[in-house]
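Below, each chain spelled out in residue letters.
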Amino acid sequence: MSRIRAQTTAIITAPPEAVWSIIADYRQGHPSILPPRYFAGLDVEEGGVGEGTVFRVHMRVLGSIRTMRMRVSEPEPGRVLEEADLDSDMVTSFTLDPTDDGRTSVTIATTWLPRPGVSGLFDRAVTPSLMRLVYSAELAQLEAVCRQAGPLPTT
């Protein structure tokens, strides 16, 4: 069975190092980019910055709260951060690529195997669109946090 992938990309008005410092900080930075419409909180269990962090994220899904327990890895430190769900095969990645003008292209992507039966049809037909809405809101929140941190340095 093939994995499902949902992803969204946006250009963020900050250099990759600044964006990485927000995304990899699960105590202050990362919670600040989670849109309250879709997330009810994030609780760090171990670590707190990057590789090895274990956390619980509380996501609003179709009127209820779903809690997922995640472990963070850094396959490419400073560029790719992954969150693996400890109770399923779902993996969410944040990939940062510098642009020529000093900004950062950020892609949030999640892959997972669909559930069997009718639930799997929902996974394929509806879930990717819903996740792209969540990721668009999260990237907009990331942009807002970066703008609050200040303008890009001039060269």
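Preceding this paragraph is the structure being described.
Okay, so let's go over this structure. For clarity, every value in this text was computed on a predicted model and none was experimentally measured.

1. A few points about the packing of aromatic side chains
The tally for this structure, following the rule as stated, stands at one aromatic pair. Taking the centre distance of 4.7 Å and the plane angle of 25° together, the rings of tyrosine 26 and phenylalanine 55 count as stacked. Remark: phenylalanine 55 occurs in strand β3 (residues 54-61) and tyrosine 26 occurs in the loop between α1 (16-23) and α2 (29-32); sequence separation between them is 29 residues. By relative accessible area, which is 1% here, tyrosine 26 ends up buried.

2. Some points on the nonpolar core
In this structure, Val19, Ile23, Leu81, Val106 and Leu142 are the most contacted members of the largest nonpolar core, which totals 35 residues. Looking at this core, the elements that each hand over two or more residues are β1 (4-12), α1, β2 (39-46), β3, β4 (64-76), β6 (91-98), β7 (104-112) and α4 (127-149). Here this core gets seven residues from one element, more than from any other, and that element is α4. Not counting chain neighbours up to four residues away, the residues in contact with isoleucine 23 comprise His30, Ile33, Leu81, Phe94, Leu96, Val106 and Leu142.

3. Focus: the pairing of strand β5 (residues 80-85)
The side chains of a regular strand alternate between the sheet's two faces. In terms of strand pairing, β4 meets β5 through five bridges, oriented antiparallel. Bridge pairing in β5 links arginine 71 to alanine 84. In this antiparallel pair of consecutive strands, β4 and β5, the connection spans three residues, and glycine 78 shows a positive phi of 85°. Inspection of the sheet shows β5 paired to β6 by five bridges, in the antiparallel sense. Within β6, the residue paired with glutamate 83 across the bridge is threonine 92. In textbook terms, the turn of a hairpin is the stretch between consecutive antiparallel strands, and for β5 and β6 this stretch comprises five residues.

Reading the values: rules and limits
- Residues numbered from 1 in each chain as written.
- Predicted model: local features only at pLDDT ≥ 70, side-chain atom pairs only at ≥ 80, totals over all residues.
- Heavy atoms only, no water.
- Phe/Tyr/Trp six-rings, centres within 6.5 Å; stacked < 30°, edge-to-face > 60°.
- Helix = DSSP H or I, 4+ residues; strand = E, 2+ residues; numbered from the N terminus.
- Buried < 20%, exposed > 50% of the residue type's maximum accessible area, 1.4 Å probe, protein only.
- Core = buried A, V, L, I, M, F, W, Y, C linked by side-chain atoms within 4.5 Å.
- Contact = heavy atoms within 4.5 Å.
- Pairing = 2+ DSSP bridges.

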